[in-house]
Amino acid sequence: MSSVRTDDVEQLRATAVAVTQQVGDLVLRMRLAGADQVQTKTSDTDVVTAADRSAERLARRLLAQWRPGEPVLGEEEGGEGSTTGGLCWVVDPIDGTVNYLYGLPWYAVSVAVQRDGQSLAAAVGQPAAGRLWSAARGGGARCDGVALRVSGATQLELSLIGTGFSYRSERRARQAAMVAGMLPKIRDLRRAGSAALDLCSVASGWLDGFAEHGLHRWDWAAGALIATEAGAVVRLPPRGSDFLLAATPGIVDSLAELMAQCGADAV
Ligand code: IPD
Ligand code: CA
């Protein structure tokens, strides 16, 4: 791929896809090679592997080559979250690192490009399954070339909802109390371990909704656009908050209301 200065969202999508594929190949190879070095971050349960670090380095190298001069925000090395009016790449080299560590195939590479905090193009790859979701703002969402549409759910009590939990145990206790209140009022809950894939699941109609406290920009930047372009209503974390909610339009208000009743504001 050559380095072309363009804001065309389909070309940006192609770049996000190419980065995601190459990084995904590396992550999968490292997983198959076995024995990874593991360190912890914000708590003993928040892990980072050598593969996370190598994957982010590769993503940064590819973006420097194909999109020279554009800033990158990544989970492992940080960086500029945005530059006013300019493009910024947002990378989660492995989303679902705990799954990756255990060999559970539900982990992802997530790459998005944003302007002023709004995602313009995105890709999420699931290397263990060879699946790839992508989206361009206004250009729709696809998984492996097939156009995506959210589920048609309209009844919250018959809806399958994804969520995730913090790495901090005090916050997890509050999240547990909240989901205990929600469970009797929905079909069931899923905690699959990758926010990026949870959002792609909403896009694919595999979940009717998803909500989580404690997300970072790299967890949702790609998946949120993919879900939006598939027809989901996505409420991004307002300034000062880290709570994201995404759902098919028929249940989004009732899901938000139920979560509020179950203490979402205090989580
Ligand atoms: C985590 C996953 C998980 C979510 C956490 C995230 P990581 O990302 O997306 O599903 O519950 O909030 O931090 O640490 O595996 O990149
Ligand atoms: Ca993540």
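Counting restarts for each chain: residues are numbered from 1 in the order of the written sequence. The naming scheme follows written order: chains are lettered A onward, ligands numbered 1 onward. For a predicted model such as this one, the threshold for reporting local features is a pLDDT of at least 70, and the threshold for listing and counting side-chain atom pairs is 80 or more; totals across whole chains, interfaces and linings nevertheless cover every residue. Heavy atoms throughout the structure, all of them, feed into the side-chain values; hydrogens and water do not.

1. A closer look at the pattern of salt bridges
Next up, step 1: One speaks of a salt bridge when a side-chain nitrogen belonging to Lys or Arg is within 4 Å of a carboxyl oxygen belonging to Asp or Glu. Enumeration over the complete set of coordinates arrives at 8 salt bridges.
Next up, step 2: Ionic contacts of the salt-bridge type, sharing partners, join the residues E56, R60 and E77 into one network.

2. Things to note about the domain arrangement of the protein
Accessible area lost when the parts come together is the quantity often used to give the size of an interface.
Next up, step 1: Domain boundaries assigned for the protein yield domain 1 (9–147) and domain 2 (156–266).
Next up, step 2: Centre-to-centre, using C-alpha coordinates, domain 1 lies 21 Å away from domain 2.
Next up, step 3: Should any heavy atoms of two residues lie within 4.5 Å, those residues are counted as being in contact. Across the contact, 39 residues belong to domain 1 and 23 residues belong to domain 2.
Next up, step 4: Considering only the surface of domain 1 that becomes buried against domain 2, D95, W106 and W133 emerge as the three largest contributors, covering 26% of it.
Next up, step 5: Counting across the domain 1 and domain 2 interface gives 0 salt bridges.
Next up, step 6: Think of a polar contact as two N or O atoms within 3.5 Å of one another; within protein, one of them needs to be a possible hydrogen donor and the other a possible acceptor, and neighboring residues in sequence only count if both atoms come from side chains. Counting across the domain 1 and domain 2 interface gives 12 residue pairs in polar contact (both at pLDDT 80 or more).
Next up, step 7: Counting residues per element, the ones that place at least two in the side of domain 1 that touches domain 2 are β3 (72–74), β4 (87–95), α3 (97–102), β5 (108–115), β6 (118–126), β7 (131–136) and β8 (140–143).
Next up, step 8: For helices the rule is a DSSP run of H or I covering at least 4 residues; for strands it is a run of E covering at least 2, with both sets numbered from the N terminus onward. Ranked by the residues each element gives to the side of domain 1 that touches domain 2, the list is headed by β6, at 7 residues. The domain limits used here are those given by an automatic or database domain assignment. When two components associate, each loses some accessible surface as probed by a 1.4 Å sphere; the sum of these losses over both components is called the buried area.

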